[in-house]
Amino acid sequence: MKKVGLFFGTFNPIHIGHLIIANHLVEFSDLDEVWFVITPQSPFKTKQSLLEDHHRYQMVYEAVQDYDKLKPSKIEFDLPQPNYTINTLVHLDEKYGEGHQFSLIMGEDNLKGFHKWKNYETILEHHFIYVYPRISEGTVDHQFQGHPRIKKVYAPIVEISSTFIRKAHKLGKNIKPLLPFAVWKYMDEMNFYR
């Protein structure tokens, strides 16, 4: 049984913070692999700053080239929009069946709003959630505290955001240290976020 952690995000762009967390999870938890599930652009809301799906997929692909246990996934690109995490999980379970056990990876900030997710009880019934620390306001709902399916992972706290990277890049700041080199190169060649 392969244990796969699903790290959802727009990855616009993927940065070293994402890699540090994902790599920490495959090295220091019982997960065998982490899949970066790239959230597609919703046809219902077009954000100017959100790159096209294939470009964000390509950057994730470039970022994980040297890591055997980290994989890019475009599984959500083919699902009807708007999509909910529960649908993706059902789809993955149907597609990969018995050989894979899928878990969610989320920051502590997301866990604080997890009770508002569609079918969150069903998600918790069938899947584990690996929670990494984030600096954020508010508290985690008492029903999730000490829950047997929620695993806290003491990964490094990395406060780097894709929003900050895009804004700084647009201002002509050097943001190279915040990105895997291949991602920086692709971004620069394609003249993104200028």
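Residues numbered from 1 in each chain as written. Predicted model: local features only at pLDDT ≥ 70, side-chain atom pairs only at ≥ 80, totals over all residues. Heavy atoms only, no water.

For the protein, the name recorded in an unreviewed UniProt entry is Probable nicotinate-nucleotide adenylyltransferase, with Flagellimonas hadalis as its organism. According to its UniProt record, the protein has this under Catalytic activity (unreviewed entry): "nicotinate beta-D-ribonucleotide + ATP + H(+) = deamido-NAD(+) + diphosphate". (UniProt positions renumbered as here; feature names shortened; annotations may be inferred.)

A few points about the overall build of the protein
In terms of helices and strands, the protein carries seven helices and six strands. Seen through its principal axes, the protein has C-alpha atoms that stretch 45 × 35 × 35 Å. Split into buried and exposed, the 194 residues of the protein put 46% on the buried side. Pairs at least 24 residues apart make up 68% of the contacts formed inside the protein by residues separated by at least 6 positions. By element, 50% of the accessible surface of the protein is carried by carbon and sulfur atoms, the whole surface being about 10,600 Å². (Helix = DSSP H or I, 4+ residues; strand = E, 2+ residues; numbered from the N terminus. Buried < 20%, exposed > 50% of the residue type's maximum accessible area, 1.4 Å probe, protein only. Contact = heavy atoms within 4.5 Å. Areas by Shrake-Rupley, 256 points an atom, 1.4 Å probe, with all protein chains shown as cover.)

Topic: the nonpolar core
Among the nonpolar cores identified, the biggest contains 36 residues, and Phe7, Val34 and Phe36 are the most heavily contacted of them. Broken down by secondary-structure element, the contributors of at least two residues to this core are helix 1 (16-28), strand 2 (33-38), helix 2 (53-64), strand 5 (129-132), helix 6 (162-170) and helix 7 (181-190). In this view, Phe36 contacts Phe7, Phe11, Ile14, His18, Leu19, Ala22, Val60, Val64, Leu70, Lys71, Pro72 and Ser73; residues no more than four positions away in its chain are not counted. Judged by nonpolar contacts, the second largest core, of 21 residues, contains Leu6, Ile75, Leu104 and Leu124. (Core = buried A, V, L, I, M, F, W, Y, C linked by side-chain atoms within 4.5 Å.)

Describing the sheet that holds strand 2
Strand pairs in the sheet, formed through backbone hydrogen bonds, run parallel or antiparallel to each other. The six strands are arranged 3-2-1-4-5-6 in an open sheet whose pairing can be described as parallel. Every interior strand has two partners, whereas the edge strands, strand 3 (70-73) and strand 6 (150-152), have only one. Within the sheet, the average angular offset between the axes of one strand and its neighbour, ignoring direction, is 30°. Sheet topology note: the strand 4 (residues 100-107)/strand 5 ladder contains four bridges and is parallel. Residue pairing for strand 5: Ile105 is matched across the bridge by Tyr130. Where helix 1 meets the sheet, its contacts fall on strand 1 (2-9), strand 2, strand 3, strand 4 and strand 5, and the angle it forms with strand 2 comes to roughly 145°. On the sheet, helix 3 (residues 85-96) packs against strand 1, strand 2 and strand 4 and is oriented at approximately 155° with respect to strand 4. (Pairing = 2+ DSSP bridges. Axes fitted to C-alpha atoms, helices over the stretch in contact; angles between N-to-C directions.)

Description of unusual backbone geometry
In this chain, Asn12 is followed by Pro13 through a cis amide linkage whose omega measures 5°. Tracing the backbone through its elements, the reader meets Pro13 in the loop between strand 1 and helix 1. With a phi close to 45°, Phe11 is a non-glycine residue in the positive phi region. Within the element layout of this structure, Phe11 appears in the loop between strand 1 and helix 1. Under the relative-accessibility criterion, Phe11 is labelled buried at 2%. Positive phi is not limited to glycine here, since Asn119 has a value of about 55°. Note on placement: Asn119 falls in the loop between helix 4 (108-111) and helix 5 (120-126). Look at Asn119 and you get partly exposed, because its relative accessible area is 34%.

Overview of helix 6
All buried positions along helix 6 are accounted for by Ser162, Ile165, Arg166, Ala168 and His169. Looking at the buried positions of helix 6, the neighbouring elements they touch are helix 1 and helix 7.

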